[in-house]
Amino acid sequence: MKDLTDRLGTLFSLGDITEKRDDLAFVSVAPDLLRAVITHLRDVEGFTHLVLLTAVDWIEGGQFQLTYLVHNRTRARDIGLRVFIDREEATMAGIHDLWPTAATYQRELKEMFGIDFPGSPRIDEEFILEGWTDIPPYRRDFDTKKYAEETYFHRPGRETFDPATHMKDKLYPGEAS
Amino acid sequence: MEAFVKPGEKNRLKERPERPVKQELQPRVVKTPDGQEITVEPLKDYYCEAPPRVHPPAYAKIVEDLFNWARAESLWILGFGTGCGAIEMRPLMTPRFDAYRYGIQWRPTPRQANLFVISGYLSVKTLKRAIRSYEQMQNPKYVVGLGSCTINGGMYWDSYNTIKRLDRYLPVDLYITGCMPRPEALLAGFLELKKIIKAGKGEGANRYAENFDWYKANQKQVIHDWDMPDYSW
Ligand code: SF4
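The shown structure was predicted, so the numbers you read here are calculated from the model rather than taken from an experiment.

Enquirer: Can you break down the overall build of chain A residue by residue, with the values?
Expert: Each helix and strand in chain A was counted, giving 5 helices and 5 strands. Reading the secondary structure of chain A in the N-to-C direction produces α-β-β-α-β-β-β-α-α-α. For a compact globule of 177 residues, the expected C-alpha radius of gyration is about 16 Å, and chain A comes in at 22 Å, more than 25% above that figure. Based on the C-alpha atoms only, the size of chain A along its principal axes is roughly 65 × 45 × 30 Å. Burial status across chain A gives 40% buried among its 177 residues. Long-range contacts, defined here as pairs at least 24 residues apart, represent 52% of the contacts in chain A between residues at least 6 apart. Total accessible area on chain A stands at roughly 9,700 Å², and carbon and sulfur atoms take up 52% of it. Taken as two groups, the 22 positive and 32 negative side-chain charges of chain A have centres that lie 4 Å from each other.

Enquirer: Give me the site of the ligand: which residues, what numbers.
Expert: Close to the ligand lie Cys84(B), Gly120(B), Tyr121(B), Gly147(B), Ser148(B), Cys149(B), Met155(B), Tyr156(B), Gly178(B), Cys179(B) and Met180(B), which account for all nearby residues. Looking at the shell around the ligand residue by residue, the class counts come to 7 nonpolar, 4 polar and no charged.

Enquirer: Account for the interface of chain A and chain B, naming residues and giving values.
Expert: Counting residues at the interface gives 26 residues for chain A and 34 residues for chain B. Carbon and sulfur atoms supply 52% of the area that chain A and chain B bury against each other, a total of about 2,700 Å² over both sides. Taken as a group, Tyr152(A), Phe153(A) and Arg155(A) account for 33% of the area that chain A buries against chain B, more than any other trio of residues on that side. The tally of links from chain A across to chain B stands at 3 salt bridges.

Enquirer: Would you mind going over the UniProt feature "domain: NADH:ubiquinone oxidoreductase 30kDa subunit" (unreviewed entry) in chain A in detail, with residue names and values included?
Expert: The UniProt entry lists residues 27-147 of chain A under the feature "domain: NADH:ubiquinone oxidoreductase 30kDa subunit" (unreviewed entry), expressed in the numbering used here. Measuring from the first to the last C-alpha atom of residues 27-147 of chain A gives 36 Å, for a span that is 21% helix and 26% strand.

Enquirer: Can you tell me about unusual backbone geometry, naming the residues and giving the values?
Expert: Of the consecutive residues Asn139(B) and Pro140(B), the connecting peptide bond is found in the cis state with omega at -15°. Cis geometry marks the peptide bond from Cys179(B) to Met180(B), where omega comes out at -10°. You can see Met180(B) is positioned in the loop between β7 (174-176) and α6 (183-198). For Ala76(A), which is not a glycine, the phi torsion comes out positive at approximately 50°. Locating Ala76(A) in the fold gives a position in the loop between β4 (63-72) and β5 (77-86). Phi is positive for Arg122(A), close to 55°, though the residue is something other than glycine.

Enquirer: Describe a nonpolar patch on the surface, with residues and values.
Expert: Residue and element names in this part refer to chain A. On the surface, Val56, Trp58 and Phe84 cluster together into a nonpolar patch covering about 240 Å² of accessible area. For Phe84, the position within the fold is in strand β5. With relative accessibility at 31%, the residue Phe84 sits in the partly exposed group.

Enquirer: Which residues make up helix α3 (residues 102-113) of chain A, and what are the values?
Expert: Residue and element names in this part refer to chain A. Over its 12 residues, α3 runs 16 Å from end to end, which matches the ideal 16 Å to within 8%, given 1.5 Å per residue. If you check which residues of α3 are buried, you get Ala102, Ala103, Gln106, Arg107, Leu109, Glu111, Met112 and Phe113. Next to the buried residues of α3 lie β3 (49-58) and β4.

Enquirer: Tell me about the sheet that holds strand β1 (residues 17-21) of chain A, and name the residues and values.
Expert: Residue and element names in this part refer to chain A. The 5 strands lie next to each other as β1-β2-β5-β4-β3, forming an open sheet whose pairing is mixed. Because the sheet does not close on itself, it has two edges, and the strands there are β1 and β3. Each strand of the sheet is rotated relative to its neighbour by a mean of 20°, with strand direction disregarded. Pairing between β4 and β5: 10 bridges, direction antiparallel. The partner of Gln63 across the bridge, within β5, is Asp86. Lying over the sheet, helix α2 (residues 34-43) contacts β4 and β5, oriented at roughly 170° with respect to β5. Running over the sheet, α3 touches β3 and β4 and is turned about 15° from β3.

Enquirer: Any chance you could break down the nonpolar core for me, citing the residues and the numbers?
Expert: Ranked by internal contacts, the top residues of the largest apolar core, which has 71 residues, are Leu41(A), Leu66(A), Tyr68(A), Ile79(A), Ile95(A), Ile115(A) and Phe116(B). When residues in this core are grouped by element, the largest group, 5 residues, is from helix α4 (residues 124-136) of chain B. In this structure, Met89(B), Leu115(B), Val117(B) and Val144(B) belong to the second largest nonpolar core, which totals 21 residues.

Enquirer: Kindly report on the pairing of β1(A), identifying the contributing residues and their values.
Expert: On a regular strand, each side chain points to the face opposite its neighbour's, so the side chains alternate between the two faces of the sheet. All names here are of chain A. Note: β1 against strand β2 (residues 24-28), 4 bridges, orientation antiparallel. Residue pairing for β2: Glu19 is matched across the bridge by Ala25. Following β1, the chain reverses through 2 residues before pairing antiparallel with β2.

Enquirer: Tell me what's going on with the packing of aromatic side chains, and back it up with residues and numbers.
Expert: Here the structure, examined in full by the defined rule, presents 16 aromatic pairs over all chains. Between the aromatic rings of Phe113(A) and Tyr138(A), the centroid separation amounts to 5.7 Å while the plane-to-plane angle is 75°, which identifies the pairing as edge-to-face. Of this pair, Phe113(A) sits in helix α3 while Tyr138(A) is found in the loop between α3 and α4 (144-151), placing the two residues 25 residues apart along the sequence. Residue Tyr138(A) is classed as partly exposed on the basis of its relative accessible area of 41%. Taken together through their ring pairs, the aromatic side chains of Tyr134(B), Tyr208(B), Phe212(B), Trp214(B), Tyr215(B) and Tyr231(B) make up a single cluster. Here the basic side chain of Arg42(A) rests over the ring of Trp99(A), its NZ or CZ set 5.8 Å away from the ring centre. The aromatic ring of Phe153(A) is capped on one face by Arg168(B), whose charged end is 5.7 Å from the ring centroid.

Thresholds, definitions, all that
- Position numbers for residues start from 1 in each chain and track the written sequence from start to end.
- The order in which chains are written sets their letters, starting at A; the order in which ligands are written sets their numbers, starting at 1.
- Totals for whole chains, interfaces and linings use all residues, but because this is a predicted model, local features are given only for residues with pLDDT of at least 70 and pairs of side-chain atoms are given and counted only at 80 or more.
- Side-chain numbers here rest on the full set of heavy atoms in the structure, without hydrogens or water.
- To qualify as a helix, a DSSP run of H or I must reach at least 4 residues; to qualify as a strand, a run of E must reach at least 2; elements of each kind are numbered from the N terminus.
- To get the radius of gyration, use the C-alpha atoms; to get the globule rule, take the number of residues to the power 0.38 and multiply by 2.2 Å.
- Accessible area is worked out with a 1.4 Å probe on protein chains only. A residue is then buried under 20% of its type maximum, exposed over 50%, and partly exposed in between.
- The criterion used for residue contact is that any of the two residues' heavy atoms lie within 4.5 Å.
- We get accessible surface area from the Shrake-Rupley algorithm with a probe of 1.4 Å; when it comes to residues, only the shown protein chains can shield them.
- Lys and Arg are tallied as positive, Asp and Glu as negative. Neither His nor the chain termini are counted.
- For the purpose of locating charges, the reference atoms are NZ of Lys, CZ of Arg, CG of Asp and CD of Glu.
- Any residue with a heavy atom positioned within 4 Å of a molecule or strand is treated as near that molecule or strand.
- Three categories are distinguished: nonpolar for Ala, Val, Leu, Ile, Met, Phe, Trp, Tyr, Cys and Pro, charged for Asp, Glu, Lys and Arg, and polar for the others, with Gly belonging to the last.
- Throughout, the accessible surface (probe 1.4 Å) given up by two parts as they are put together, summed over both, is called the buried area.
- Think of a salt bridge as a Lys or Arg side-chain nitrogen and an Asp or Glu carboxyl oxygen that are within 4 Å of each other.
- UniProt positions are given in the numbering used here, feature names are shortened, and annotations may be inferred rather than shown by experiment.
- Like charges are joined within 9 Å and nonpolar side chains (Val, Leu, Ile, Met, Phe, Trp, Tyr) within 5 Å, but only among residues with over 30% relative accessible area and no salt bridge; these make up the patches.
- Expected span of a helix, by definition, is 1.5 Å for each gap between consecutive residues, and there is one gap fewer than residues.
- Two strands are counted as paired when DSSP detects at least two bridges linking them.
- Axes, fitted as lines to C-alpha atoms, cover a helix only where it is in contact. Angles between the N-to-C directions of the axes lie from 0 to 180 degrees.
- Buried Ala, Val, Leu, Ile, Met, Phe, Trp, Tyr and Cys residues form a nonpolar core when they are joined through side-chain atoms within 4.5 Å.
- Stacked, tilted and edge-to-face pairs are distinguished by plane angle, under 30 degrees for stacked and over 60 for edge-to-face with tilted covering the rest, among Phe, Tyr and Trp rings (Trp via its six-membered ring) whose centres lie within 6.5 Å.
- Charges are assigned to positions over rings by a cutoff of 6 Å between ring centre and Lys NZ or Arg CZ, combined with an angular limit of 35 degrees from the ring normal.

So this is what it looks like as structure tokens:
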């Protein structure tokens, strides 16, 4: 992977580079460089397969992290591009023109995280939720437990045990835990 | 039947914005193959507007008992799988557990089925489809809730997207506990359901008709984009 990241480094200004395995590395790039890097990877380096596009909500730092994982079939290796965008103004340039399948990922990210990809096909349509009115549910400030308590009927009598202490009490009763 | 209770203090539905009717449901003018122009109003034309009715038992107890015996011995399950439990149906219908020897078989459409096995968690989106399928089944019909998820939410008890108590939305005749229940548990459950039906207690469809407003109010409380008629028979 070193050869590849070195080559990329001479062309683009890259952020952190983490090499996880011989065939997997992650590279941080600035949002406005992403399209250039990923197009280069696809057309020059042979990373023709978009494996996934996901997001992580770093609420403490006020950022969303997008991960674009692409795969090179002939050399059987993957590279992940990490992009950090602002959480409040969550907008990112789409890559649906490079891989049409990316439009589906982008629609999902719009619905679940509220990250907008202007111009992506059907980006404003509902994806899997129907009639959702709250904030996007994968954002970490969405309290799923509270929402479930307010929205649904619950059957009383549900008990929760901490598995470790519960099994200890059951298997070794009388012993101080 | 309990009074209609709101879960939690705040009713989120109050704040929900009006949603436009989906395009395929809007009234429109279409041209028939022989050139006539007709107006179709999908919500009116494609569904029966009358709410469900309570079906009284037969004129004599002995006749009703005969009917119930016949109903119990031909449980036809709607092939509609939700959640993980649907996977247990496959061994059940194939030679290893062979539910067919009890007069139980699977049918592809709601019209041909009289038993709806809700086989696990129901997301709000699936609930909508489940309600429509249930309403299209012919009377008498039965609902079995399979697994913890239908009983109290199971491991999805704090999920934003699944209902926690099936019996608030559909009339449940029987629950089978477990996560997930084995095919043997299902067979035991079906035998139990037969006893319930033979005793004349499998009255779910009538309960649904009697408390129709209560069920509808509960259903609409979670299904925010209600774009179907109240009774989609
Ligand atoms: S009860 Fe368990 S097996 Fe059944 S749907 Fe829920 S999680 Fe899955």
